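# Coordinate analysis (summary)
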Amino acid sequence: MGRMTTKEVFDWVLNNPKIIKATSTIIRVMDDMASHKMNSGNISLKRRYKHNWPNNYVLEFEQERGHAASSVECYTKQHGVSEQHPYLELNKRVENAWKDVNNGCLRPTAIPMQLFSRVLDFARTGDFMHGGSKDICTNVGDTLNDHITSLFVDPVPI
């Protein structure tokens with residue numbers, strides 16, 4: 001990132017500005033929703049695994065690796081609601097976080113736009129990896145392979 005890594009930039013990041021919090025929310029909540037949905041009925045994963053598919057496979061897998069409970073589980077337990085209700089609320093939180101990211105990029109500050117571009121790209125990556133209730137980060141399949149191939153193996157000439 002070159003010359004944009006100044007003391008002011010580090011101080012700004014360490015103060016945890018709204019755009020950084022919003023990006024973290026997007027990544028975390030979308031990952032939680034995707035991995036939670038994946039455990040409760042992903043047919044393609046079930047076909048890939050020959051053994052019996054336990055209902056809590058992903059959650060057990062994540063918790064065995066020392067992962068904390070997902071935001072879906074926490075919301076369900078805290079509010080005593082069905083498993084579908086947290087998705088509505090968490091999707092609202094993701095939508096509001098995107099509004100914060102967009103506002104952060106549109107408001108001029110002393111922070112270089114290159115840094116905002118990196119933060120925005122990180123949020124976009126999270127949306128790509130976990131959007132649409134898919135978790136191609138955990139479940140690497142044709143979608144991710146096709147994108148990597150189009151970017152690095154068969155790139156579009158400019």
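Only a predicted model underlies this, so the values are computations on that prediction, with no experimental measurement involved. (Residues numbered from 1 in each chain as written. Predicted model: local features only at pLDDT ≥ 70, side-chain atom pairs only at ≥ 80, totals over all residues. Heavy atoms only, no water.)

### Let's talk about the overall build of the protein
As a reminder, the rule being used: Comment: elements are numbered from the N terminus, with helices defined as DSSP H or I runs of at least four residues and strands as E runs of at least two. Only protein chains enter the accessibility calculation, which uses a 1.4 Å probe; a residue is then buried when its area is under 20% of its type maximum, exposed when over 50%, and partly exposed in between. Note on contacts: a residue pair is in contact if any heavy atoms of the two residues lie within 4.5 Å.
Looking only at helices and strands, one finds eight helices and zero strands in the protein. Helices (α) and strands (β) of the protein occur, in sequence order from the N terminus, as α-α-α-α-α-α-α-α. Looking at the 158 residues of the protein, the share that counts as buried comes to 35%. Here the contacts in the protein between residues at least 6 apart in sequence split such that 62% fall between residues at least 24 apart.

### A closer look at the packing of helix H6 (residues 85–106) against helix H7 (residues 113–130)
How we decide: In this analysis, axes come from line fits to C-alpha atoms, helices being fitted only over the stretch in contact, and the angle between any two N-to-C directions falls in the range 0 to 180 degrees. Note that the term roughly parallel is reserved for angles under 35 degrees, roughly antiparallel for angles over 145, roughly perpendicular for angles of 65 to 115, and oblique for everything else. Whether a crossing is left-handed or right-handed is set by the direction in which the near helix is turned from the far one by less than a right angle, anticlockwise for left-handed and clockwise for right-handed. The nonpolar class holds Ala, Val, Leu, Ile, Met, Phe, Trp, Tyr, Cys and Pro. Asp, Glu, Lys and Arg form the charged class, and all remaining residues, Gly among them, are polar.
At their nearest, the axes of H6 and H7 sit 10 Å apart, and the two run at 160° to each other. Relative to H7, H6 is oriented roughly antiparallel. Judged by the sense of rotation from one axis to the other, the crossing of H6 with H7 is left-handed. Contacts from Trp98, Val101, Gly104 and Cys105 in H6 reach Met113, Phe116, Leu120, Ala123, Arg124 and Asp127 in H7. Looking at the contact of H6 with H7 residue by residue, the classes come out as seven nonpolar, one polar and two charged.

### Focus on the nonpolar core
Which entries qualify depends on this criterion: As used here, the term nonpolar core means buried Ala, Val, Leu, Ile, Met, Phe, Trp, Tyr and Cys residues forming a set that is joined through side-chain atoms within 4.5 Å.
Counting residues in hydrophobic clusters, the biggest one holds 24 residues, and the most contacted among them are Trp12, Ile19, Ile26, Met33, Val94, Trp98 and Val101. When contributions to this core are tallied by element, the ones reaching two or more residues are helix H1 (7–14), helix H2 (18–39), H6 and H7. Apart from the residues within four sequence positions on either side, Met33 is in contact with Val72, Tyr87, Leu90, Asn91 and Val94.

### Here's the deal with unusual backbone geometry
Although it is not a glycine, Asn16 sits at a positive phi angle of roughly 50°. You can call Asn16 partly exposed: its relative accessible area is 36%.

### A look at helix H5 (residues 71–79)
Among all positions of H5, only Ser71, Val72, Glu73, Tyr75 and Thr76 are buried. In the segment just after H5, Gly80 is the residue with positive phi, at about 60°.

### Quick word on the pattern of salt bridges
We apply this condition: Within this document, salt bridges are pairs made up of a side-chain nitrogen of Lys or Arg and a carboxyl oxygen of Asp or Glu, the two lying within 4 Å of each other.
Using the criterion set out here, one finds seven salt bridges in the structure. The salt bridge involving Lys7 is made with Asp11; its shortest N-O contact spans 3.0 Å. Pair noted here: Lys7 and Asp11 are both in helix H1, with a separation of four residues, about one helical turn. Looking at Asp11, the relative accessible area reads 33%, which means it is partly exposed. Close ionic contact of Lys99 with Glu95 constitutes a salt bridge, the shortest N to O distance being 4.0 Å. You can see Lys99 and its partner Glu95 sitting in helix H6, four residues apart, about one turn around the helix. Overall, Lys99 belongs to the partly exposed group, its relative accessible area being 44%.

### Examining the confidence of the model for the protein
If pLDDT is low for a region, its predicted coordinates should not be looked at in detail. Under the convention used in this document: In predicted models, pLDDT denotes the confidence assigned by the predictor to each residue on a 0 to 100 scale.
Overall, the prediction assigns the protein a mean pLDDT of 75, with 72% of residues at 70 or greater. Put simply, helix H3 (residues 43–48) is where the protein has its lowest mean pLDDT, 40, and H6 is where it has its highest, 91. Counting contacts from residues 41–59, a segment whose pLDDT is below 50, to residues more than four positions away or on other chains yields 22 contacts.

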